[in-house]
2 protein chains.
Amino acid sequence: MIGDVLGIAKPLVLAPMGFVSGGALAAAVSRAGGLGLIGGGYGDADWIRREFKQAEGAHVGIGFITWSLAQQPELLDLALSHKPRAVMLSFGDPRPFAEKIRRSGAKLICQVQSLAIARQALEAQPDVLVAQGTEAGGHGGERSLFALLPAVRDLAADKPILAAGGIADRRGFEAALALGAAGVLVGTRFSASNEALTAPPAKKRIVEASGDATVRTTVFDVVRNFDWRGITGRALRNRFTDTWHGREHELVADRDAEVAKYRKAVERQDFDTALIFAGEAVDLIDSVLPAAEIVRRIVH
Amino acid sequence: MIGDVLGIAKPLVLAPMGFVSGGALAAAVSRAGGLGLIGGGYGDADWIRREFKQAEGAHVGIGFITWSLAQQPELLDLALSHKPRAVMLSFGDPRPFAEKIRRSGAKLICQVQSLAIARQALEAQPDVLVAQGTEAGGHGGERSLFALLPAVRDLAADKPILAAGGIADRRGFEAALALGAAGVLVGTRFSASNEALTAPPAKKRIVEASGDATVRTTVFDVVRNFDWRGITGRALRNRFTDTWHGREHELVADRDAEVAKYRKAVERQDFDTALIFAGEAVDLIDSVLPAAEIVRRIVH
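Model, not experiment: these values are computed from the prediction. (Residues numbered from 1 in each chain as written. Chains lettered and ligands numbered in written order. Predicted model: local features only at pLDDT ≥ 70, side-chain atom pairs only at ≥ 80, totals over all residues. Heavy atoms only, no water.)

## Section: empty space enclosed by the protein
Residues and elements named next belong to chain A. So the rule is basically this: Space inside and on the surface of the protein is sampled on a 1 Å grid over the protein atoms alone, with a cavity defined as a set of points where a 1.4 Å probe fits but cannot get out and a pocket as an open set with protein on both sides within 12 Å along at least 5 of 7 lines; lining residues have an atom within 4 Å of a point. Grid points are joined across faces, edges and corners, and a volume is the space filled by probe spheres set on the points. Strands here mean DSSP runs of E at least two residues long; helices mean DSSP runs of H or I at least four residues long; both are numbered from the N terminus. Asp, Glu, Lys and Arg are counted as charged, while Ala, Val, Leu, Ile, Met, Phe, Trp, Tyr, Cys and Pro are counted as nonpolar; the rest, among them Gly, fall into the polar class.
If you walk through the whole model with that rule in mind, you get 1 cavity of 30 Å³ or more. When its volume is computed, the largest cavity comes out at roughly 60 Å³. For the lining of the largest cavity, the secondary structure elements donating two or more residues are strand S4 (86–90), strand S5 (107–112) and helix H7 (115–123). Here the lining of the largest cavity is composed, by residue class, of 7 nonpolar, 5 polar and no charged.

## A few points about the pairing of strand S10 (residues 214–217) of chain B
Residues and elements named next belong to chain B. To keep it simple, the criterion reads: For the exposure calls, accessible area comes from a 1.4 Å probe over protein chains only, and a residue counts as buried if that area is under 20% of its type's maximum, exposed if over 50%, partly exposed in between. Pairing between strands is defined by DSSP: at least two bridges between them are needed.
Burial along S10 is two-sided: the residues Thr214 and Arg216 and Val215 and Thr217 are all buried. Relative to strand S11 (residues 232–236), S10 runs antiparallel, the two being bridged by 4 bridges. The residue bridging Thr214 from the neighbouring strand is Leu236, located in S11.

## A look at unusual backbone geometry
Residue and element names in this part refer to chain B. For Gln125, which is not glycine, the phi torsion reads 50° and is therefore positive. Here Gln125 is to be found in the loop between helix H7 (115–122) and strand S6 (128–132). At Asn225, a position not held by glycine, the phi torsion is positive, near 65°. According to the relative accessible area criterion, Asn225 is exposed, its value standing at 57%.

## Notes on the relation of the copies chain B and chain A
Here is the rule we go by: Alignment of copies: least-squares fit on C-alpha atoms of residues with pLDDT of at least 70 in both copies. Whether two residues are in contact is decided by their heavy atoms, any of which lying within 4.5 Å being enough.
Superposition record for chain B on chain A: RMSD 0.0 Å, screw rotation 180°, translation along axis 0.0 Å. Both chain copies can therefore be described as sitting about a two-fold axis. Among all residues of chain B, the minimum C-alpha distance to the rotation axis is found for Ala175 of chain B, at 2.0 Å. In this assembly the copies share their binding face: 100% of the residues contributing to the interface of chain B also contribute to that of chain A.

## So, the packing of helix H9 (residues 170–178) of chain A against helix H8 (residues 145–155) of chain B
Applicable threshold: Only the stretch in contact is used when a helix axis is fitted, and all axes are lines through C-alpha atoms; the angle between N-to-C directions ranges over 0 to 180 degrees. Under this scheme an angle from 65 to 115 degrees is roughly perpendicular, one under 35 degrees roughly parallel, and one over 145 degrees roughly antiparallel; angles in between are oblique. Left-handed describes a crossing in which the near helix is turned anticlockwise from the far one by less than a right angle; the clockwise case is right-handed.
Two elements in contact, H9 of chain A and H8 of chain B, have axes separated by 10 Å at closest approach and are oriented at 135°. Regarding the angle of H9 of chain A to H8 of chain B, the classification is oblique. Crossing of H9 of chain A over H8 of chain B shows right-handed handedness. Contacts between H9 of chain A and H8 of chain B involve Arg171, Gly172, Ala175 and Ala176 of chain A on the former and, on the latter, Phe146, Pro150, Arg153 and Asp154 of chain B.

## A short note on the interface of chain B and chain A
Applicable threshold: Summed over both partners, the accessible area (1.4 Å probe) lost when two parts come together is defined as the buried area. Each salt bridge in this description consists of a side-chain nitrogen of Lys or Arg and a carboxyl oxygen of Asp or Glu lying within 4 Å of one another. Here a polar contact means two N or O atoms within 3.5 Å. Within protein one must be a hydrogen donor candidate and the other an acceptor candidate, and residues neighboring in sequence count only if both atoms are side-chain atoms.
The interface is formed by 32 residues belonging to chain B together with 32 residues belonging to chain A. Among the residues chain B hides against chain A, the three largest losses belong to Phe146, Arg171 and Asp212 of chain B. Together they make up 30% of the total. Scanning the region where chain B abuts chain A turns up 8 salt bridges. Two residues, Arg143 of chain A and Asp283 of chain B, come together in a salt bridge whose shortest N-O distance is 3.0 Å. Here chain B and chain A share 17 residue pairs in polar contact (both at pLDDT 80 or more) between them. Broken down by secondary-structure element, the contributors of at least two residues to the side of chain B that touches chain A are H7, H8 and helix H9 (170–178) of chain B. Taken together, the residues of the side of chain B that touches chain A break down into 14 nonpolar, 8 polar and 10 charged.

## Details of the sheet that holds strand S2 (residues 36–39) of chain A
Residues and elements named next belong to chain A. Taking strand neighbours across the sheet as the criterion, the 8 strands line up as S1-S9-S8-S6-S5-S4-S3-S2 in an open arrangement whose pairing is parallel. Either end of the sheet is taken by a strand with one partner, and the two such strands are strand S1 (12–14) and S2. For this sheet, the mean angle separating the axes of adjacent strands, direction not counted, is 25°. Across 3 bridges, S1 lies against strand S9 (residues 183–186) in parallel orientation. Note on S9: the bridge partner recorded for Leu14 is Val186. Against the sheet, helix H8 (residues 145–155) engages S5, strand S6 (128–132) and strand S8 (161–164), with an angle of about 170° to S8.

## A look at the packing of helix H5 (residues 74–81) of chain B against helix H6 (residues 95–104) of chain B
All names here are of chain B. Between H5 and H6, whose axes approach to 11 Å, the crossing angle comes to 15°. Here H6 runs roughly parallel to H5, going by the angle between their axes. Remark: the crossing between H5 and H6 carries right-handed chirality. On H6, the residues touching Leu76, Asp77 and Leu80 of H5 are Phe97, Lys100, Ile101 and Ser104. When the residues that make up the contact of H5 with H6 are grouped by side-chain class, the tally is 4 nonpolar, 1 polar and 2 charged.

## So, the confidence of the model for chain A
How we decide: As a per-residue measure, pLDDT tells how confident the predictor is, with possible values from 0 to 100.
The share of residues in chain A with pLDDT of 70 or more is 100%, and the mean pLDDT across the chain is 97. Interface predicted TM-score (ipTM) for the complex: 0.95; the corresponding pTM is 0.96.

## Some thoughts on the pairing of S6 of chain A
Residues and elements named next belong to chain A. In terms of residue burial, S6 counts as a mostly covered element, since 5 of its 5 residues are buried. Alternating residues of S6 divide into Val128, Val130 and Gln132 and Leu129 and Ala131, and every residue in both groups is buried. Relative to S6, S5 is paired through 4 bridges, and the arrangement is parallel. Within S6, the residue paired with Val112 across the bridge is Ala131.

## Regarding the environment of Lys264 of chain B
Residue and element names in this part refer to chain B. Tracing the sequence through the fold places Lys264 in helix H15 (residues 255–267). Taking the relative accessible area as the measure of exposure, Lys264 reaches 53% and is therefore exposed. Considered as a pair, Lys264 and Asp158 are 106 residues apart in the sequence and their alpha carbons are 49 Å apart.

## Some remarks on the sheet that holds strand S3 (residues 60–65) of chain B
Residue and element names in this part refer to chain B. Pairing is parallel across the open sheet formed by 8 strands, whose spatial order is S1-S9-S8-S6-S5-S4-S3-S2. Unpaired on one side and paired on the other, strand S1 (12–14) and strand S2 (36–39) mark the two borders of the sheet. Direction aside, neighbouring strands of the sheet carry axes that sit 25° apart on average. Here 3 bridges tie strand S8 (residues 161–164) to strand S9 (residues 183–186), and the two strands are oriented parallel to one another. Across the sheet, Ala164 pairs through a bridge with Leu185, a residue of S9. Along the sheet, H8 contacts strand S5 (107–112), S6 and S8; its crossing angle with S8, the most-contacted strand, is approximately 170°.

Structural data, given as structure tokens:
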């Protein structure tokens, strides 16, 4: 059923991870039978054009951070001009964008992190819901997938639901189906794929990391100057989080100096300081693989 | 296999919830084919004797908070004198108690909340591990079950593992098996059973609550004067958590006055102030049921 809705052979969707899910990765997931979503991130028109071009010939979609899209709504028109299979919206009110997406022929996917957010998203009449557990890498909520997913299932009548957060192998896929999902949305596992835009030393850290070593934090948003209004992101712990997590007020006070240092660290790919978003599923990731092989291992 | 190890027909174990899992509830779960564990809590010899007596005729076990047991190790002898089927230890180093438990003929069950804790627990050579996700009610860790469980499975070779946290119906049971568990440990769902020692107005709140409405917090331990050293407990949010969560230092400063108020609230069963431990699975609980019916609904 989710296959019919999204036009895919395998019920697996690539999470639209900003700076990670480019056109090459999205196209690889789509060619393997799933649906690749380009990560719209904080909205850079040139980047979006380039990555759709990278994916040319494959049916892909795109995902946006809803509150960021609301600041540059013209990016939705740009995205729709590329005829995406689906548009996914997370973190903000999807209702102002729903009608335009539907009229374009694209499917609307809304990601939710709690029952309260699910109730709001349902008012946008999405084609698909994503129930995202706090296990997930990147920004997310506080509810864990294991209890959130069946509760969203009970709330959303017969709406197809994708499970997100903590899924990196076939066991997670089967558990998601048992809890009422129609398929899965997978991020971190693909961040360590050949096709991901992830820097190679960051892929190496994801492969080596234990799930005990992630933290939900705001410190990278403070130093990158993104206003997530208290929503935290799950990242690999490193020297930067060990220094600043729990001391956010001091980081804000010291921001100018720290921003300069942080940018230099990003340039030289120094991941003792720079951010690697990753979910708790890093435990289950022990090698960098082609995206098609990852799809094959998760969905049978 | 877990059935052979614990001598039970159904792979379901009652979580040893302090002040909730008394002898009547433990016996009801055991008679329904699972294994009931009496909640040893903070250790009250008279209470433990009385609840074993309540359970007479049924094969039950007992669970202890390991750091609390270390302060009153004689309680283990008392418990073993009642020939428990199993002893479960959580939150602390199980190794000093393992040999005595094994020699008594009881099975040793160790609960873990992370891979690091799992590695320590395995050194005690337990018969069964419990992987407890942060979804769980009461004290727990930060890792979510969805990714923790398969990671513990990969770590622990062929040791039987029970999944704990967020499980209240058959979907959770099946998902736990898919993720590599041999069975489940269930708490909150039984807190709203006929046989639980939970106060009736607290059972009503569990039935009515949404999983969005729980919080991991230390405020109840501050006001009850239990030294959990930073380990948080998941409880239903109420006026007390809304007032003090995030303001723990002020609560400590004001402790004497607040302790007196808190104790009065407990006496009059005022759950706007008093604690109700509950996990995120409260979403899936919509009535108070006999324990045997809960067992039947979870395990097929």
